[in-house]
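Geometric and topological summary
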Amino acid sequence: LFEASHEGIIQGVPFAGLPVLSDICTLHQMREVSFYYQKLRPLLTGITNADTPSSSQTAADAVAEEVVELVDPLYFSMVEAVKLFGHENECSPANSTTYDEWLAFFSTLSAQRLLTQRSAQYFTQVGLKVDVKNSQVEITVMLSQASSNLRNLIEGNKIRGIPAPPSQSVVDKLLDVAATWKTFESEMEAAVHLESVSSIILNRVELLAKNILKTLQDAEHLAMPMVLNSDVPAGAVEVGVEQALAVSEMAQSALHIIYDTDVAANWEHLNASRARIEASRWQLLQGTPATETSLGIQKVTDVCIVQQVKAAMDLYSQAELAALKVAHGDNMEVDTMIRMSHLAVDALENIIPSLTMGNGTCGNSTLAAEEWQQLHLEVAHLAALGAEVATEFLLFKHGSSPNSERLDALVLELESTMRRIMFGSFDPPVAAPPTQSFFDHILQKIEPAFQQLIQAVAGDVDETVLRHGQDLTAHAESLQEQYFTRAAAADLVWPGQRVHLASSLESQAYQVFQAAVLYSYDLATSDTALQEAIDRFQLALNQLKDGGPGFAAILMPERQDLMTQWGTVRDAWNQVLAYQASGFQVSDLRKIETTVDNLVLEIQNLLPLLSIEDVKSPDSFPWSAVIYSIIGFVICSCCCFIVCVPWCMRQNKRRDAAKTAERSERAAVADSV
């Protein structure tokens with residue numbers, strides 16, 4: 001009876017003329033009543049559920065003191081609540097709301113938004129006959145969770161640390177949500193197990209879901225100004241849930257497209273969802289400053305959160321690829337899209353508590369050898385961009401570049417590369433920083449140099465741009481060295497020494513060009529720095545062919561592919577050196593830049609070949625030598641036969657003639673005797 005009465009007082013009893021409780025002050029006091037009763041209820045249940053009167057008495061004796069301690073506070077809280085009914089009350093609950101309560105309120109509100117959207121997505125799947133059985137189960141579970149969640153938002157739940165709404169305007173919005181939710185819930189419960197869901201019902205449910213989501217967001221925005229001058233991470237909670245919502249909406253739109261439902265509008269929604277996900281990702285990771293009217297988001301400094309976001313975004317990227325295929329008519333990708341989208345939403349939702357606490361949960365930070373190698377090459381590219389951007393700034397400022405298009409493109413590439421190094425990437429595949437120490441080096445060394453270079457490029461001081469470009473290159477090369485060490489340890493047969501040397505050639509090539517530009521514009525007092533840069537590049541290039549510290553010369557003839565590409569790099573380098581004869585004239589700088597770009601391209605083509613382990617061909621039986629020996633023996637034998645036979649015949653004739661002459665002589669002597 002108490003429970004039914006308590007629930008009726010708060011939620012209203014329409015047939016009895018009792019309205020829904022909407023006064024904020026009374027709601028907050030009723031939260032106290034609910035709190036004490038929630039603590040008292042299990043004690044009373046233990047007594048009433050006993051098997052026998054004696055066991056019931058025993059149970060009562062055991063909890064008597066606790067019951068007595070709770071009954072009085074419950075009674076007095078009810079008395080205070082009764083005083084508030086039927087009066088216009090004034091209170092400011094927001095002023096007494098603690099940090100943890102604010103955080104619980106915004107987290108619960110965001111969870112309600114996500115439960116609403118996911119329920120709508122599952123209902124869309126049922127309506128379109130996609131993964132029906134699982135979707136029906138999920139709808140049943142989520143409706144129950146969402147109903148309980150919504151009650152906690154309106155009434156508060158002191159045991160769970162959830163406050164009642166902070167203002168009357170928020171109460172009003174949440175009551176609007178509750179009214180729409182009843183219709184939303186009843187429509188889904190009535191239709192979810194039908195053999196077929198009509199398009200009218202499907203559209204109605206989706207429209208109700210959108211209305212609920214909009215009203216919940218309005219309530220959230222009404223509450224946010226109340227924590228504007230606090231440390232409550234309400235902005236991070238909102239942006240975090242926006243990501244998860246957008247993934248669900250993307251998959252929902254793709255389903256409508258493939259089933260030919262309002263195709264143009266759903267394509268627009270799908271692409272808008274993708275754009276929201278991308279924008280919110282960088283807001284969460286890089287942070288946003290607070291203003292007088294909006295909450296800020298703290299920049300992520302914990303590597304575990306970075307790894308969590310990377311893992312979730314990898315799942316999203318797979319869902320996105322599948323969604324685009326589905327939207328273009330590939331039915332075979334529907335199951336993949338559904339599965340990956342729900343995994344991505346779960347992963348993104350799990351990030352929100354980490355964002356609010358400022359630290360996440362790290363998995364196994366051990367990377368595969370290929371991941372270390374990719375990190376190594378990505379940082380090498382960043383080091384090269386430091387020199388390239390600074391050099392392009394000089395060309396643009398001093399008139400050798402007709403416009404800023406190339407400089408702007410390089411700045412965008414620099415920003416993209418920096419993001420990949422800081423936070424990882426799905427495509428191209430780049431791992432997130434594996435340890436806090438690596439991430440700290442990026443945050444404390446590389447990122448400040450990057451930001452200073454970006455700011456300097458927006459100015460007009462040559463020396464400032466050059467200095468910050470050199471700083472960025474130096475800090476990137478330091479991290480590259482660390483990644484190389486780990487990559488070499490992860491794969492002992494990887495020919496890392498020569499890859500490491502070759503990867504530095506990209507940066508060295510742009511350093512040569514930078515020195516040439518400075519010399520051409522008379523910004524360098526002599527060509528000493530230019531010649532040193534040229535000599536440094538030439539030495540490294542020769543070592544790649546002839547062998548250097550820790551690696552041997554190119555294995556021939558087994559690595560003819562490597563030798564051929566090395567020759568292509570050498571030829572491209574010689575084209576750069578051809579301009580040295582004329583003194584690197586200003587009029588030739590654009591041509592030289594094109595030549596250097598081609599050189600870097602060929603270096604990049606060389607790197608994959610250098611990564612392949614050299615394998616010497618096994619020694620085999622010298623059949624060719626044997627065959628040639630036999631052929632030579634036969635030829636020699638034939639020659640000898642040709643020569644010897646006539647000679648032997650002549651010798652035989654001479655012997656025969658001599659014998660004949662001797663017999664004739666003997667006969668003559670005998671005749672004379």
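An account of the accompanying structure is given in this report. The structure displayed is predicted, hence computed values, not measured ones.

Here's the deal with the overall build of the protein chain
The helix and strand tally for the protein chain stands at 21 helices and zero strands. Put simply, of all contacts in the protein chain between residues at least 6 apart along the chain, 77% involve residues at least 24 apart. Approximately 33300 Å² of the protein chain is accessible, and the part contributed by carbon and sulfur atoms is 56%.

Examining the side chain of Q243
Of note, Q243 is situated in helix 9 (residues 234-258). Beyond its immediate sequence surroundings of up to four residues, Q243 is in contact with I277, S280, R281, L284, M313 and L348.

Points about the pattern of salt bridges
Counted under the stated rule, the structure contains 25 salt bridges. Residue E392 is joined to R406 by a salt bridge in which the shortest nitrogen-to-oxygen separation is 3.1 Å. A residue pair is termed long-range when its members are at least 10 positions apart, and E392 in helix 13 (residues 369-397) and R406 in helix 14 (residues 405-423) qualify at 14 residues. With a shortest N-O distance of 3.2 Å, D546 and K545 are connected by a salt bridge. A relative accessible area of 28% places K545 in the partly exposed class. The structure contains a network of salt bridges with shared partners spanning E388, E392, R406, R590, E593 and D597.

Some thoughts on the packing of helix 14 against helix 15 (residues 436-457)
Closest axis-to-axis distance for the helix 14/helix 15 pair is 11 Å, and the angle between their directions is 170°. Comparing the axis directions of helix 14 and helix 15 gives the class roughly antiparallel. Once helix 14 is placed against helix 15, the crossing between them reads as left-handed. In this structure, helix 14 contributes L407, V411, L414, E415, M418, I421, M422 and F423 to the contact, and helix 15 contributes F439, I442, L443, I446, E447, F450, L453, I454 and V457. Considering only residue class, the contact of helix 14 with helix 15 consists of 15 nonpolar, no polar and two charged.

A look at helix 17 (residues 496-520)
The α-helix advances 3.6 residues per turn, and as a result positions three or four apart in sequence lie on the same side. When the terminal C-alpha atoms of helix 17 are compared, their 36 Å separation across 25 residues agrees well with the 36 Å that a helix rising 1.5 Å per residue should span. Maximal helix bending in helix 17 amounts to about 30°, located at E506. With its phi angle positive at about 60°, D522 sits one or two positions after the end of helix 17.

A word on the packing of helix 9 against helix 11 (residues 303-327)
Packed helix pairs are characterised by how far apart their axes lie and by the angle those axes make with each other. Where helix 9 meets helix 11, the closest approach of the two axes is 8 Å, and the angle between their N-to-C directions is 20°. In terms of orientation, helix 9 and helix 11 fall into the roughly parallel class. Here the hand of the crossing between helix 9 and helix 11 comes out left-handed. For the pair helix 9 and helix 11, contact is made by Q243, V247, M250, A254, I257 and I258 and by M313, Y316, A319, E320, A323, V326 and A327, respectively.

Some remarks on unusual backbone geometry
Of the consecutive residues D427 and P428, the connecting peptide bond is found in the cis state with omega at 0°. With omega at 5°, the peptide bond leading from M556 into P557 counts as cis. Along the chain, the position of P557 falls in the loop between helix 18 (528-546) and helix 19 (560-577). A positive phi angle, close to 60°, is found at K129, a residue other than glycine. Relative to the elements of secondary structure, K129 occurs in the loop between helix 5 (99-127) and helix 6 (132-155).

Observations concerning the nonpolar core
Within the largest apolar cluster, 179 residues are counted, with the highest numbers of intra-cluster contacts made by F106, F123, F184, M337, F537 and L599. It is helix 9 that provides the largest number of residues to this core, a total of 15 residues. Ranked by size, the runner-up nonpolar core spans nine residues in total, among them M30, V63, V67 and L70.

Section: the packing of aromatic side chains
Each aromatic ring pair is specified by the distance between its two centres and by the angle formed by the two planes. For the structure shown, the criterion picks out 10 aromatic pairs. Centroid distance W282 to F423: 5.9 Å. Interplanar angle 40°. Geometry classified as tilted. In this pair, W282 sits in helix 10 (residues 263-286) while F423 sits in helix 14, placing the two residues 141 residues apart along the sequence. What makes W282 buried here is its relative accessible area of 12%. An aromatic cluster of at least three residues, connected via ring pairs, comprises W102, F105 and F106. Residue placement shows K545 over the ring face of W566; its charged tip is 5.7 Å from the ring centre.

Describing the environment of D440
Topologically, D440 is positioned in helix 15. Take D440: its relative accessible area is 24%, and that puts it in the partly exposed class. Separated by 18 residues in sequence, D440 and M422 have C-alpha atoms that sit 10.0 Å apart.

Structural notes on the environment of A209
With respect to the helices and strands, A209 occurs in helix 8 (residues 199-223). What makes A209 buried here is its relative accessible area of 2%. For A209 and R118, which are 91 residues apart along the polypeptide, the C-alpha to C-alpha distance reads 9.6 Å. If we ignore the near neighbours within four places in the chain, the residues touching A209 are T116, A120 and F184.

The rules behind these values
Residues numbered from 1 in each chain as written. Predicted model: local features only at pLDDT ≥ 70, side-chain atom pairs only at ≥ 80, totals over all residues. Heavy atoms only, no water. Helix = DSSP H or I, 4+ residues; strand = E, 2+ residues; numbered from the N terminus. Contact = heavy atoms within 4.5 Å. Areas by Shrake-Rupley, 256 points an atom, 1.4 Å probe, with all protein chains shown as cover. Salt bridge = Lys/Arg side-chain N within 4 Å of Asp/Glu carboxyl O. Buried < 20%, exposed > 50% of the residue type's maximum accessible area, 1.4 Å probe, protein only. Axes fitted to C-alpha atoms, helices over the stretch in contact; angles between N-to-C directions. Parallel < 35°, antiparallel > 145°, perpendicular 65-115°, else oblique. Left-handed = near helix turned anticlockwise from the far one by under 90°. Nonpolar A, V, L, I, M, F, W, Y, C, P; charged D, E, K, R; others polar. Expected span 1.5 Å × (residues − 1). Bend = angle between axes of the 7 residues up to and from the residue. Core = buried A, V, L, I, M, F, W, Y, C linked by side-chain atoms within 4.5 Å. Phe/Tyr/Trp six-rings, centres within 6.5 Å; stacked < 30°, edge-to-face > 60°. Lys NZ or Arg CZ within 6 Å of the ring centre and 35° of its normal.

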